[in-house]
Amino acid sequence: MASHWSRYVDRSAKKVAEGLSRVLLMSGADMPSRAPRTLFTLNSKDDIKQYATGSDGDIGGYSTVHLDLDENPEHNAKIGKPATGVFWGEMRLDVKPGMERKIRGGYAGFRNLNRPTLFGDLVDDVSQHKYLALRLRLGGDPRTRNSYYVNLQTDGPISTDLWQHRLYFRRKDGGWEDIFVPFSNFVRTNSGEMSENQMDMYRERVRSIGISMLGGNSGVGGKYELGIDSIRAVNEEDLTQEPLSREKDEVSEEKAGLN
């Protein structure tokens, strides 16, 4: 209870500070910061509690989903963390009897929960940053490794919009890597399909960030595992490798069911 209240107070203080920063910026007192900004970490049990999970197993499929704290030194020693998050489960394409033609199997995902404060839900302003940076560790069945997507929701005019980009990994040895996704390359989707009318993301108010495993799109099943350390907003000077390019034809046809 104390931890929950502490987080609530911290979020409220953060919202006040951000509001004050905007006032100062409007008055010309300061320039917006381009410094790297940590949006989310998954390094403690309290961190893990801030996320919701879901899968087709919730509505008649067989896929499973877990988001746990991984304290395995073999996984975490190289980045100097005692623990990181691990998103794992089994991707199944079949569905329960009677659900054929009603649902499509093959998805699982997680996203952060809403973050209430004394002054409304906390959102993130990433308008001064060009890239979303994710520190990830790829594991699981090799067949599932090309079916991960990162998803963003904003306080834009259409609440059901989901901004999505496929995750491409360079490492196949189970090591950690930083993946940089240009915010401008995210594709707008709605109801699981790419929207015909693409528009700029409302980056001033990002409400949630999540990752989904969409095996149903590629017809891939098997055990999946993805380690997650942190999610940040960065600029060109912070890149340590080439950012991902835009791949419209790789956009999913089905989202992770976590709106």
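Residues numbered from 1 in each chain as written. Predicted model: local features only at pLDDT ≥ 70, side-chain atom pairs only at ≥ 80, totals over all residues. Heavy atoms only, no water.

Visitor: Kindly report on the pairing of strand E10 (residues 187-190), identifying the contributing residues and their values.
Guide: Relative to E10, strand E8 (residues 161-166) runs antiparallel, the two being bridged by four bridges. Among the inter-strand pairings, tryptophan 163 is bridged to a residue of E10, identified as arginine 188. Two strands pair when backbone bridges link them, and E10 and strand E11 (residues 193-194) are joined in this way by two bridges, in the antiparallel orientation. Its bridge partner being in E11, asparagine 190 is matched across the sheet by glutamate 193. (Pairing = 2+ DSSP bridges. Helix = DSSP H or I, 4+ residues; strand = E, 2+ residues; numbered from the N terminus.)

Visitor: Give me the nonpolar core: which residues, what numbers.
Guide: Proteins that are soluble and globular tend to have nonpolar side chains buried together. Phe87, Leu132, Tyr148, Leu152, Leu167 and Ile211 are the most contacted members of the largest nonpolar core, which totals 37 residues. Only strand E1 (37-41), strand E4 (84-91), strand E5 (108-112), strand E6 (131-140), strand E7 (148-154), strand E9 (176-182), strand E12 (206-213) and strand E13 (222-234) provide two or more residues apiece to this core. The element best represented in this core is E13, accounting for five residues. In contact with leucine 132, other than residues within four places in its own chain, are Leu39, Val150, Leu152, Ile179, Phe180, Val181, Phe183, Phe186, Ile209, Ile231 and Arg232. (Core = buried A, V, L, I, M, F, W, Y, C linked by side-chain atoms within 4.5 Å. Buried < 20%, exposed > 50% of the residue type's maximum accessible area, 1.4 Å probe, protein only. Contact = heavy atoms within 4.5 Å.)

Visitor: Break down the sheet that holds strand E2 (residues 51-55) for me, citing the residues and quoting the values.
Guide: Paired through their backbone hydrogen bonds, the strands of a sheet run either parallel or antiparallel. A sheet is described by the order of its strands in space; here seven strands give the open sequence E2-E5-E12-E7-E8-E10-E11, paired in antiparallel fashion. Each edge of the open sheet carries a strand with a single partner, namely E2 and E11.

Visitor: I'd like a rundown of the packing of aromatic side chains, residues and numbers included.
Guide: Throughout the structure, instances matching the rule amount to seven aromatic pairs. Here the aromatic rings of phenylalanine 87 and tyrosine 224 are separated by 5.1 Å at their centres, their planes lie at 55°, and the arrangement is tilted. Taken together, the positions of phenylalanine 87 in strand E4 and tyrosine 224 in strand E13 put the pair 137 residues apart, joining distant regions of the chain. The two residues phenylalanine 87 and tyrosine 224 agree in class, both being buried. Put simply, the rings of Phe40, Tyr51, Phe87, Phe110, Tyr148, Phe169 and Tyr224 touch in pairs and so form one group of aromatic residues. The lysine or arginine in question, arginine 137, covers the ring of tryptophan 176, its NZ or CZ lying 5.8 Å from the ring centre. (Phe/Tyr/Trp six-rings, centres within 6.5 Å; stacked < 30°, edge-to-face > 60°. Lys NZ or Arg CZ within 6 Å of the ring centre and 35° of its normal.)

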